[in-house]
Amino acid sequence: MQKLLSHFDINQSIMKSAATLSSSVTCVPVLPSSGFDEQYKHLCQLSSAQVMICRNYKGDVDMAEIDHFMPLLMQHEEEGLLSPVLSHGNVHFMWIKHSNLYLVATTNKNSNASLVYSFLYKIVEVFTEYFKELEEESIQDNFVVVYELLDELMDFGFPQTTESKILQEYITQEGAKLEVAKSKVPTTVTNAVSWRSEGIKYKKNEVFIDVIESINVLVNANGNVMSSDIVGSIKLKTMLSGMPELRLGLNDRVLFALTGRDKGKTVVMEDVKFHQCVRLSRFESDRTISFIPPDGESELMSYRINTHVKPLIWIESVIEKFSHSRVEIMVKAKGQFKKQSVANNVEVRVPVPSDADSPKFKTSTGSAKYVPEKNLVVWTIKSFPGGKEFLMRAHFGLPSVEKDEAEGKPPITVKFEIPYFTVSGIQVRYMKIIEKSGYQALPWVRYITQSGDYQLRTN
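Criteria and cut-off values
Residues numbered from 1 in each chain as written. Predicted model: local features only at pLDDT ≥ 70, side-chain atom pairs only at ≥ 80, totals over all residues. Heavy atoms only, no water. Helix = DSSP H or I, 4+ residues; strand = E, 2+ residues; numbered from the N terminus. Buried < 20%, exposed > 50% of the residue type's maximum accessible area, 1.4 Å probe, protein only. Contact = heavy atoms within 4.5 Å. Areas by Shrake-Rupley, 256 points an atom, 1.4 Å probe, with all protein chains shown as cover. Pairing = 2+ DSSP bridges. Axes fitted to C-alpha atoms, helices over the stretch in contact; angles between N-to-C directions. Salt bridge = Lys/Arg side-chain N within 4 Å of Asp/Glu carboxyl O. Phe/Tyr/Trp six-rings, centres within 6.5 Å; stacked < 30°, edge-to-face > 60°. Lys NZ or Arg CZ within 6 Å of the ring centre and 35° of its normal. Core = buried A, V, L, I, M, F, W, Y, C linked by side-chain atoms within 4.5 Å. Domains from an automatic or database assignment.

J.: Hey, could you run me through the overall build of the chain in this one?
T.: Of regular secondary structure, the chain possesses eight helices and 24 strands. Residues classed as buried in the chain amount to 47% of the 459 residues present. Once local pairs closer than 6 in sequence are excluded, the contacts in the chain between residues at least 24 apart make up 71%. For the chain, the accessible surface area stands at approximately 23000 Å², while carbon and sulfur atoms represent 49% of it.

J.: Where do I start with the sheet that holds strand β15 (residues 313–322) in this structure?
T.: By way of backbone hydrogen bonds, the strands of a sheet pair with one another, either parallel or antiparallel. Pairing in this open sheet of four strands is antiparallel, and the strands run β15-β16-β21-β18 from one edge to the other. If you trace the sheet from one side to the other, it starts and ends with β15 and β18 (357–363), each paired once. Each strand axis lies, on average, 15° off the axis of its neighbour in the sheet, ignoring direction. Bridge count between β15 and strand β16 (residues 326–335): ten bridges; the pairing is antiparallel. Note that in β16 the partner of valine 318 across the bridge is methionine 330.

J.: What should I look at first to understand the pattern of salt bridges in this one?
T.: Where charged atoms of side chains with opposite charge meet at close range, the side chains can pair. One pass over the structure, following the stated rule, counts twelve salt bridges. A salt bridge links aspartate 271 to arginine 304, with the shortest nitrogen-to-oxygen separation between them at 2.7 Å. Note that aspartate 271 is positioned in strand β12 (residues 270–274) and arginine 304 in strand β14 (residues 296–305), a separation of 33 residues in sequence. Across the pair arginine 282 and aspartate 286 runs a salt bridge, and its minimum N-O distance is 3.2 Å. One end of the pair is arginine 282 and the other is aspartate 286, both in helix α8 (residues 280–286) and four residues apart, which spans about a single turn. Taken together, the salt bridges that share partners define one network made up of Glu270, Asp271 and Arg304.

J.: Any chance you could explain the packing of aromatic side chains here in plain terms?
T.: For any pair of aromatic rings, the description consists of the separation of the ring centres together with the inter-plane angle of the planes. Counted by the stated rule, this structure contains eleven aromatic pairs. Through a chain of ring-to-ring contacts, three or more aromatic side chains come together here, namely Phe69, Phe93, Trp95 and Tyr102. Against the face of phenylalanine 322 rests arginine 326, its NZ or CZ located 4.0 Å from the ring centre. When the ring centre of tyrosine 430 is taken as reference, the NZ or CZ atom of lysine 432 above it lies at 5.2 Å.

J.: I would appreciate a short explanation of the nonpolar core in the present structure.
T.: Looking at soluble globular proteins, one finds that nonpolar side chains tend to be buried together. In this structure, Ile289, Phe291, Leu300, Met301 and Ile313 are the most contacted members of the largest nonpolar core, which totals 70 residues. Split by domain, this core shows at least three residues from each of two domains, domain 2 (206–309 + 423–456) and domain 3 (313–400 + 409–419). If we skip the residues at most four places from it in the chain, leucine 300 touches Ile234, Lys235, Leu236, Leu248, Lys273, Phe274, His275, Cys277, Val278, Ile289 and Phe291. Met94, Ala105, Val146 and Met154 belong to the second largest nonpolar core, which has 29 residues in total.

J.: Looking at this structure, how should I read the environment of proline 293?
T.: Secondary-structure assignment places proline 293 in the loop between β13 (289–291) and β14. Residues proline 293 and valine 193 lie 100 residues apart in sequence; the distance between their C-alpha atoms is 9.4 Å.

J.: Would you take a moment to explain the sheet that holds strand β23 (residues 428–434) for this structure?
T.: Read across the sheet, three strands follow the order β13-β11-β23 without closing on themselves; strand pairing throughout is antiparallel. Either end of the sheet is taken by a strand with one partner, and the two such strands are β13 and β23. Averaged over neighbouring strand pairs, the angle between their axes works out to 15° when direction is ignored. Note that strand β11 (residues 245–250) and β13 share three bridges and pair antiparallel. Its bridge partner lying in β13, leucine 246 is registered against phenylalanine 291.

Geometric values such as these leave the question of function open.
Right, dumping it as structure tokens:
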């Protein structure tokens, strides 16, 4: 039985301020821990139509309204009209699904939906950090901790402390065993820098920067690229003492234009989103990425680059189906990237008819296996050098009686990861680390390109 988690109502007049802020910048933090003017009002979790967990923040929406959500959801699903926002009278339900849970926000105002969804996903992130797996059982086993977290994540409808590392300093899953000295709320909660504790010390000060780009490609049956883009993220693992200020420099075309430099390759980043630690006003004025980082691992920013991308691993396929007899499949994979680079853990997933049986394979490298529950042949190549070509042949038997319904033609999908390589050409030009004690710190940078939604249609 799937469960539901229902949420808050939002005050319209206060939401106007938040909406103005988000429309005035192109870079929005995942979720601000304070200072936003959203007012969310209640949070519940349902089983069928019964409330399992509820936290009412403001009481502007009748608690009984959530009972209408599940019937609405089922009705819209049956009619094929399911949408992220459902309405009953003047109450609107904004929902997401995670595992066997539904998280639902209720509002009777014209609320900023994007910020509501940000908070819903932030709750999933925090609960997952605490319980490893967010599902019905983990909620049932941790009622007390869940209520404590809901109280700290939001106060009278205002998002508060949303960093799980900070929350874990004073909300633990062993609350009954806490000592008095350890149960004090850390000063971080009331600081302007709510995502980092004071007094952090490391013997060796380092920061690791991962630039990870995912390639989304759709190729039609004629071999033409229909759509392509790059979705990137910059992730940090920070091991720095004190309260350091970091400044990150990229080969950003807008920055180079502002400073009058026009040397070397530059990139145009779109849909940029920053962690809340980044000073947005500074970025808006001079494109400087300046911030006090969270301790440990975090995602500093994400971006999209809308450009034509040549498929890094090109697939040619011939699929011949002989009625009442057999299916012959031939797939050729070619690495269309630099010879000095190597793609790791490559998986080519080739769809086969659902009634195929008796598989036989022959590969020039790697191994192939039949996954009958997914109607796929998965060809795995651990190491795929650039410029190389490999071949896989598969033979399947077919039953003598054909199925009545016609099957579709799912595309071939490819998974891979290429280290030390980026398609866009984005570069970390510098990372300056400034701390009042004046210690020296080492920044390390790693580039990774991987497949995103990578599909090649077949004839």
